[in-house]
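Chain residues, written in single-letter form:
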Amino acid sequence: MQTKVEPTRLSGGKRIAMWSGPRNISTAMMRAWENRADTTVADEPFYAFYLARTGKVHPGAEEIIARGETDWRKVVRQLTGPIPEGRTIFFQKQMTQHLLPEASRDWLTQMTNCFLIRDPADVIVSYTKKAGDPRLEDLGFVQQLEIFNFVREQTDEPPAVIDAKDVLQNPERTLRSLCTALEIEFDVAMLSWPPGFRPTDGIWAKYWYAEVERSTSFMAYHERTAAIPAHLNDIHMHCRAIYDELHKHRIF
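Residues numbered from 1 in each chain as written. Predicted model: local features only at pLDDT ≥ 70, side-chain atom pairs only at ≥ 80, totals over all residues. Heavy atoms only, no water.

(A) Structural detail: the overall build of the chain. Across its full length, the chain holds eleven helices and five strands. The C-alpha radius of gyration of the chain comes to 17 Å, within 12% of the 18 Å expected for a compact globule of 252 residues. Taking the principal axes of its C-alpha atoms as reference, the chain extends roughly 50 × 40 × 40 Å. A buried classification covers 50% of the 252 residues belonging to the chain. A sequence separation of at least 24 residues applies to 80% of the contacts in the chain between residues at least 6 apart. Counting every atom, the chain has about 12000 Å² of accessible surface; 50% of that belongs to carbon and sulfur. With 31 positive and 34 negative side-chain charges, the chain shows a spacing of 2 Å between the two charge centroids. (Helix = DSSP H or I, 4+ residues; strand = E, 2+ residues; numbered from the N terminus. Rg over C-alpha atoms; globule rule 2.2 N^0.38 Å. Buried < 20%, exposed > 50% of the residue type's maximum accessible area, 1.4 Å probe, protein only. Contact = heavy atoms within 4.5 Å. Areas by Shrake-Rupley, 256 points an atom, 1.4 Å probe, with all protein chains shown as cover. Lys, Arg positive; Asp, Glu negative; His and termini not counted. Charge placed at Lys NZ, Arg CZ, Asp CG, Glu CD.)

In structure tokens:
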């Protein structure tokens, strides 16, 4: 049984941890938050730790490990420490699969946690085009539900959930709803941003962020046309059940 940790909130601003899986709109979402004058961002802070522990073969893995922080405890101290640049909001783009079981979850009670979900069929099709066939753990759905349940149990309320489809179909409405749930004021600056890379982008940006680099706003939503490979149907069904559970809590 999970031991309950007394929820706390750090002083000196709001730290938002948005938990997503891969092949979502998480980087565009990071752009939206960073375009606020009151916000600084962290890009996948546990990535080096994840690669060092799992040995996953990702583009630039050796460089990411060499230049990143591989001690999860030190990462947590950075995320819970003073907000950089004197800003009042610290938006943390978090990948659920990067928070491996050996890393404590207790620090999550000090964050304002929210979740970005995407239809697993869209995730799987996108993943196979970019990185080949995934394993279940590569897609982050199982970890996303585990983190969601931990936060809900510790805070006695479900954290905010938004769906990528809702964001792309109506960015302003969805982001206004999210900001309300997070108890901060919506900023219209979140709806568009200048193109290009950012100093805050991870060093892996050169492998993954070309499309976001060219963007100036959230892209319009398009229905998926490619089919899920038949040999991935079991993984899809597993992820679908988790997505449906999280989708019950979505705000829009």
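Back to the text.
(B) View of the pattern of salt bridges. Applying the stated rule across the entire model yields 17 salt bridges. In this structure, glutamate 223 and lysine 165 form a salt bridge, with 4.0 Å as the shortest nitrogen-oxygen distance. In this pair, glutamate 223 sits in the loop between α10 (210-214) and α11 (233-247) while lysine 165 sits in helix α7 (residues 164-169), placing the two residues 58 residues apart along the sequence. On the basis of relative accessibility, which here comes to 56%, the residue glutamate 223 falls in the exposed class. Residues glutamate 172 and arginine 176 are paired through a salt bridge, measuring 2.9 Å at the closest nitrogen-oxygen approach. Here glutamate 172 pairs with arginine 176, and both are found in helix α8 (residues 171-182), just four residues apart, close to one helical turn. Arginine 176 gets classed as partly exposed once you look at its relative accessible area, which sits at 40%. Among the ionic contacts, a cluster of salt bridges with common partners joins Asp43, Glu44 and Lys93. (Salt bridge = Lys/Arg side-chain N within 4 Å of Asp/Glu carboxyl O.)

(C) Up close: the packing of aromatic side chains. Enumeration over the complete set of coordinates arrives at seven aromatic pairs. The interplanar angle of 75 degrees and the centroid separation of 5.4 Å between the aromatic rings of phenylalanine 115 and phenylalanine 148 together place this pair among those described as edge-to-face. Highlighted residues: phenylalanine 115 in strand β4 (residues 112-117) and phenylalanine 148 in helix α6 (residues 141-155), separated in sequence by 33 residues. Accessibility classification places phenylalanine 115 together with phenylalanine 148 in one group, the buried group. An aromatic cluster of three or more residues is present, and its members are Trp19, Phe46, Phe49 and Trp107. Sitting over the ring of phenylalanine 252, arginine 250 keeps its end group 4.0 Å from the ring centre. (Phe/Tyr/Trp six-rings, centres within 6.5 Å; stacked < 30°, edge-to-face > 60°. Lys NZ or Arg CZ within 6 Å of the ring centre and 35° of its normal.)

(D) Broad picture of the pairing of strand β1 (residues 14-20). Among the seven residues of β1, seven are classified as buried, and the element is accordingly described as predominantly covered. Because side chains alternate across β1, one face comprises the buried residues Lys14, Ile16, Met18 and Ser20, and the other comprises Arg15, Ala17 and Trp19, equally buried. In this structure, β1 lies alongside strand β3 (residues 89-95), joined through seven bridges in parallel fashion. The residue of β3 that forms the bridge with isoleucine 16 is phenylalanine 91. For β1 and β4, the ladder comprises four bridges, and the chain directions are parallel. What sits directly across from tryptophan 19, in β4, is phenylalanine 115. (Pairing = 2+ DSSP bridges.)

(E) Spotlight on helix α5 (residues 120-131). For α5, spanning twelve residues, the distance from its first C-alpha to its last is 15 Å, which sits close to the expected 16 Å at 1.5 Å a residue. For α5, the complete set of buried residues consists of Pro120, Ala121, Asp122, Val123, Ile124, Val125, Ser126 and Tyr127. Packing partners of the buried residues in α5 comprise α6 and α11. Downstream of α5 by a residue or two, glycine 132 has a phi angle that is positive, lying close to 80 degrees. (Expected span 1.5 Å × (residues − 1).)

(F) Representation of the sheet that holds strand β2 (residues 39-43) within the structure. The strand order across the open sheet built from five strands is β2-β3-β1-β4-β5, with neighbouring strands paired in parallel fashion. Edge positions in the sheet fall to β2 and β5 (160-163), since each of these pairs with one other strand and no more. Strand-to-strand twist in this sheet, taken as the mean axis angle between neighbours without regard to direction, amounts to 20 degrees. Direction of pairing for β4 relative to β5: parallel, over a ladder of four bridges. Across the sheet, cysteine 114 pairs through a bridge with alanine 160, a residue of β5. Across the sheet, α8 touches β1, β4 and β5, and the angle it forms with β5 is around 170 degrees. (Axes fitted to C-alpha atoms, helices over the stretch in contact; angles between N-to-C directions.)

(G) A look at the environment of glycine 21. Looking at the secondary structure, you find glycine 21 in the loop between β1 and α1 (26-34). Using a relative accessible area of 8% as the deciding quantity, one classes glycine 21 as buried. Taking the C-alpha atoms as reference points, glycine 21 and proline 120, 99 residues apart in sequence, are found 9.9 Å from one another. When residues no more than four places from it in sequence are discounted, the contact partners of glycine 21 are Met95, Thr96, Gln97, Leu139 and Gln144.

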